[in-house]
Amino acid sequence: MGGRHRPPAIFRRDNMHNSKNPQLKKILDDIYTQYHHPKYLGLDPLICVRRFKDRGSREAVGMLAASLAYGRVEIIVRSINTIIDGAMDGDPLNFIISTSYKDKSKSLAKFKHRFNDGQDIAALLESIKITIKEYGSIEKCFGDCMKRNGHQFKSALTSFTGILKSNVRKYVDSRASFEYLIPSPAKGSACKRMVLYLRWMIREDDGIDLGVWKTVPASCLLIPVDTHVAKIARGYGFTNRNSADWKMAEEITSVLRQFDPSDPTRYDFALCHAGMVDIRS
């Protein structure tokens, strides 16, 4: 396929229930073949996470990177690397585990990324430390949330984000900028950055996603809805919704699940980067 992806009229909104159409499957597979490739990692925060090889660093840096994944990607990558190479001195897991919240705040005092400052990041990193110390890993924490919520993804994610926030409530109680870092589906948010993090962790290591977690199936994942995915999904008729909310994410995922029930978010990276290339062309 070419650089731009204008949905054919046959696949526009009035045909959204035509999701098993083989022609649509071919279009999606062509987009996947072209864009699900490591050469596009330069336009993705994942490039910062892939700097590290050990699972603990990938799990922790992944949480940081996904939480900051809003705005222009070049600025996102710069912000993440500023933290890794500055405050963390290139050793993120050691920094997270061995420093106190006070020391984290001091090291990050000059940091700023759009809505968030060093205090927000210090709280996020401290929450990661507390989670690892209590559960052994972030994966085990999320897995426990899945078990306690009957393996219902939305409920598990609500519990998971609640834990991350409650860990550091005494430091950032009701601080709106910190709340923004850890979106919850409780109020209908698409939670793009949280489900993006889960996609990175859970999908197999295919040169894009990381396959760090082994106990949560990819079949439960929800597609992270950003402006690029939302635009393409509306064009292909996967959803009629105008708001990029949890319901839109569910609608899009339900269509994609028909093509790959065990891995419904496999097209996400490709769709997102097809949209990014389209805008930048």
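Values in this document were obtained by computation on a predicted structure and should not be read as measured data.

The rules behind each value
Residues numbered from 1 in each chain as written. Predicted model: local features only at pLDDT ≥ 70, side-chain atom pairs only at ≥ 80, totals over all residues. Heavy atoms only, no water. Helix = DSSP H or I, 4+ residues; strand = E, 2+ residues; numbered from the N terminus. Buried < 20%, exposed > 50% of the residue type's maximum accessible area, 1.4 Å probe, protein only. Contact = heavy atoms within 4.5 Å. Areas by Shrake-Rupley, 256 points an atom, 1.4 Å probe, with all protein chains shown as cover. Lys, Arg positive; Asp, Glu negative; His and termini not counted. Charge placed at Lys NZ, Arg CZ, Asp CG, Glu CD. Salt bridge = Lys/Arg side-chain N within 4 Å of Asp/Glu carboxyl O. Polar contact = N/O pair within 3.5 Å; in protein donor to acceptor, adjacent residues only side chain to side chain. Core = buried A, V, L, I, M, F, W, Y, C linked by side-chain atoms within 4.5 Å. Axes fitted to C-alpha atoms, helices over the stretch in contact; angles between N-to-C directions. Parallel < 35°, antiparallel > 145°, perpendicular 65-115°, else oblique. Disulfide = S-S within 2.5 Å. Expected span 1.5 Å × (residues − 1). Arc of directions from axis to C-beta.

(A) Geometry of the overall build of the protein chain. The helix and strand tally for the protein chain stands at 15 helices and 2 strands. Seen through its principal axes, the protein chain has C-alpha atoms that stretch 60 × 40 × 30 Å. Taking all 281 residues of the protein chain together, the buried fraction comes to 57%. When contacts within the protein chain are restricted to residue pairs at least 6 apart in sequence, those whose partners lie at least 24 apart make up 69%. Taken as a whole, the protein chain presents about 12000 Å² of accessible surface, with 50% of it coming from carbon and sulfur. Across the protein chain, the mean location of the 44 positive side-chain charges is 3 Å away from that of the 31 negative side-chain charges.

(B) Region of the structure containing the pattern of salt bridges. Per the stated rule, a full pass over the model turns up 22 salt bridges. Measuring nitrogen to oxygen at the nearest pair gives 2.8 Å for the salt bridge that ties Asp30 to Lys26. With Asp30 and Lys26 both in helix H1 (residues 22-35), this residue pair falls 4 residues apart, about one helical turn. In this structure, the salt-bridge partner of Arg266 is Asp29, at a minimum N-O distance of 3.8 Å. Of this pair, Arg266 sits in the loop between helix H14 (246-259) and helix H15 (268-280) while Asp29 sits in helix H1, placing them 237 residues apart in sequence.

(C) Representation of the environment of Ile128. Tracing the backbone through its elements, the reader meets Ile128 in helix H7 (residues 118-135). Exposure remark for Ile128: the relative accessible area of 0% places this residue in the buried category. Distance in space between the C-alpha atoms of Ile128 and Pro92 is 11 Å, their sequence separation being 36 residues. Those residues in contact with Ile128, other than ones at most four positions away along the chain, are Ala60, Met63, Ile96 and Ile138.

(D) Structural detail: the side chain of Lys165. With respect to the helices and strands, the residue Lys165 is situated in helix H9 (residues 153-166). Within the local environment of Lys165, its side chain forms a polar contact with the backbone oxygen of Ile182, the two atoms lying 3.0 Å apart. Not counting residues up to four positions away in its chain, the partners in contact with Lys165 are Phe178, Glu179, Ile182 and Ser184.

(E) Region of the structure containing the nonpolar core. Membership of the largest hydrophobic core comes to 97 residues, with the highest contact counts inside it found for Phe142, Phe153, Leu157, Phe160 and Trp213. If we skip the residues at most four places from it in the chain, Phe153 touches Phe142, Met146, Val195, Leu198, Cys220, Leu221, Leu222 and Trp246.

(F) Focus on the environment of Pro45. The residue Pro45 is located in the loop between H1 and helix H2 (46-49) in this model. By relative accessible area, Pro45 is classed as buried at 7%. Beyond its immediate stretch of four places on either side in the chain, Pro45 contacts Ala65, Ala69, Val73, Ile76, Val77, Ile80 and Trp200.

(G) How the structure looks around the packing of H9 against helix H12 (residues 192-202). Two elements in contact, H9 and H12, have axes whose closest approach is 12 Å; the angle formed by their N-to-C orientations is 105°. For the element pair H9 / H12, the angle class is roughly perpendicular. Across the interface between the two elements, Phe153, Leu157, Phe160 and Thr161 of H9 pack against Met194, Val195 and Leu198 of H12.

(H) Up close: the state of the cysteines. Counting across every chain of the model gives 0 disulfides. Here Cys48 stays free of any disulfide, with the sulfur of Cys272 as its closest cysteine sulfur at 15 Å. In this structure Cys145 is not part of a disulfide, and its nearest cysteine sulfur, from Cys141, lies 4.6 Å away.

(I) Structural detail: H1. Compared with an ideal rise of 1.5 Å per residue, which puts 14 residues at 20 Å, H1 spans 20 Å between its outermost C-alpha atoms and is within 8% of the ideal. Along H1, the residues classified as buried are Leu24, Ile27, Leu28, Ile31, Tyr32 and Tyr35. Here the buried residues of H1 occupy an arc of 135° about the axis, which is enough to place them on one side. Across from the buried face of H1, at angles greater than 90 degrees, the exposed residues are Pro22, Lys26 and Thr33.

(J) Quick peek at unusual backbone geometry. Despite not being glycine, Asp89 shows a phi value in the positive range, around 50°. As for its placement among the helices and strands, Asp89 is situated in the loop between helix H4 (73-87) and helix H5 (92-98). In this model, His151 sits at a positive phi of 60°, which is unusual for a non-glycine residue. Along the chain, His151 turns up in the loop between helix H8 (138-148) and H9.

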